Amino acid sequence: MTSTGLIDVHAHFVTDAYVAAARSAGIEHPDGMPGWPTWTAERHLDLMERSGIEKSYLSVSSPGVHFGDDGAARALAREVNAFGARVRAEHPRRFGHFASLPLPDVEGSLAEAAHALDELGADGVTVESNHHGRYLGDPRFEPLWEDLDRRGAVVFVHPTSPPHAEALSLNRPRPMLEFLFDTARTASDLLFRGVLLRRPRIRWVLTHGGGALPLLADRMELFRTLLGGGPGDAPSAVEQLGRLWYDMAGTPFPRQIPALDAAFGTERLLYGSDYCWTPADTALAQVRSVDAAAQPSAGGTWRDLTTRNARRLFTTNVG
C-alpha cells in the first residue's frame, strides 16, 4: 500500500476466558450469529498489513461483559480491559483500546472507567446501544455521562440486540438489520432526553454509518418540533446528530456513506473494519470497496479523509 494508512476505530478482540464466560451464561450464538470468532494479535496485524491499516482501536463487541450478575460483570470487564491494555502496550503504534464497562451497573462502570482511563491509559470506553433493555438516555446512566463529559472521553457506542430480539429479527442474525435500528434508537434516546445537549464534551462514536439515522433524522426533527421537547432555541435534531462521529464499518458503498454525507456531512466520518467479527476476507473486500468508490467531492481519498478525521478525534482539545 502506498496510500494513506487507515485508522480503524471499529476493531474487536475476544479472549478464551471471555468466550468461556459468555458460554457459561448460555450465549452460544451471540446476537443470532453462528458462533464465536477467534482472535490473535498476529492475525490482526497481518490483516492490517494486507489492507493498509495503520492503527486499530480494539474493543469487546456485543454482547458486552454483563451477562446478568453485577459482580461477575465487574470482574470480566477488569479482565478484558487488562488484556486490551497489554496488547496496546506491546504494540503501541498499531493498537489502541476502548475499555469495556459493566453496564447497566453504573457504580461498577464509574469505577471501571476511572481504572481504565486513569491507570490503564485506555483511549476511550465502549458501551452497547442498550444494556438489558436500558437505552443510553436512561436517567440512571446520568452519573456515568457526567463523569465522562468531565473527562471529554471518547465513547464508542456498539449496537447490540434489542429487547425481544428473537421475535423482531425473524430468526435472522441481528447484525443484519437490528443493529442498524438499535443504533438509531439509542441515538434518538440520547437526543430526546437531552443528553447530547447536557454532555457536549463526550465524543460519541456511532457505527455502520449511523445505521438508519441518515434516513430518520428529518423525521426525528419533525417530531421534536411537534412534541416541543427541550429548549426552544435548541439545535435541530440534524444539527445535534451531526456533531457525533460515525464509522463506516459494514457496507459503506455504494449507498450508506452517500446517505450519511447527505444528512450530516463527512467531517466526522471514520474508518471501521469490524474485524474479527467480520472475517478477514470480507474486511479486505470492504477496504477494496472504499478504495474503488467515487472519492470525496472535496478532493483526496476516503483514506485521507477518515484518517485526518481520526487524528482530530483523538487530539481534540476538550479541556
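Below is a short write-up of the structure. (Residues numbered from 1 in each chain as written. Predicted model: local features only at pLDDT ≥ 70, side-chain atom pairs only at ≥ 80, totals over all residues. Heavy atoms only, no water.)

### Overview of the pattern of salt bridges
Inspection of the entire model under this criterion finds 17 salt bridges. Among the salt bridges present, the one from Glu-28 reaches Arg-23, with a minimum N-O distance of 3.3 Å. The class for Glu-28 is partly exposed, based on a relative accessible area of 40%. A relative accessible area of 39% places Arg-23 in the partly exposed class. Of the charged contacts in the structure, one is a salt bridge between Asp-189 and Arg-193, with a shortest N-O distance of 2.9 Å. The exposure class assigned to Arg-193 is partly exposed, which follows from its relative accessible area of 42%. (Salt bridge = Lys/Arg side-chain N within 4 Å of Asp/Glu carboxyl O. Buried < 20%, exposed > 50% of the residue type's maximum accessible area, 1.4 Å probe, protein only.)

### Digging into the side chain of Gln-286
One can find Gln-286 in helix H12 (residues 280-292). Gln-286 sits in the buried class, given a relative accessible area of 7%. For Gln-286, the side chain forms a polar contact with the main-chain oxygen of Met-248, separated by 3.3 Å. What Gln-286 contacts, discounting residues up to four positions off in sequence, is Met-248, Ala-249, Gly-250, Pro-252, Tyr-271 and Gly-272. (Helix = DSSP H or I, 4+ residues; strand = E, 2+ residues; numbered from the N terminus. Polar contact = N/O pair within 3.5 Å; in protein donor to acceptor, adjacent residues only side chain to side chain. Contact = heavy atoms within 4.5 Å.)

### Details of unusual backbone geometry
Of the consecutive residues Ser-62 and Pro-63, the connecting peptide bond is found in the cis state with omega at 15 degrees. With an omega of 15 degrees, the peptide bond between Leu-103 and Pro-104 qualifies as cis. For Pro-104, the location among the structural elements is in the loop between strand S3 (95-100) and helix H4 (106-120). With a phi close to 60 degrees, His-164 is a non-glycine residue in the positive phi region.

### What to know about the nonpolar core
Grouped together as the largest cluster of nonpolar side chains are 75 residues, with contacts concentrated most on Trp-39, Trp-145, Leu-148, Trp-204 and Leu-241. Non-local contacts of Trp-204, meaning those with residues more than four positions away in its chain, are made with Trp-145, Val-155, Val-157, Leu-190, Val-195, Leu-196, Arg-199, Leu-244 and Trp-245. One finds Phe-98, Val-154, Phe-156 and Ala-310 within the second-largest nonpolar core, a separate group that totals eleven residues. (Core = buried A, V, L, I, M, F, W, Y, C linked by side-chain atoms within 4.5 Å.)

### Quick word on the layout of surface pockets
Any space left empty among the atoms is revealed by the rolling of a water-sized probe across them. Looking at the largest pocket, its volume works out to about 560 Å³. Pro-175, His-208, Gly-250, Asp-274 and Thr-278 are, among the 24 residues lining the largest pocket, the residues nearest its centre. Contributing elements (two or more residues each) for the lining of the largest pocket: helix H7 (178-192), helix H11 (252-264) and H12. Looking at the lining of the largest pocket, the element that brings in the most residues is H12, giving three residues. (1 Å grid on protein atoms, 1.4 Å probe; cavity = no way out; pocket = protein on both sides within 12 Å on 5 of 7 lines; lining within 4 Å. Points joined across faces, edges and corners; volume = space filled by probe spheres on them.)

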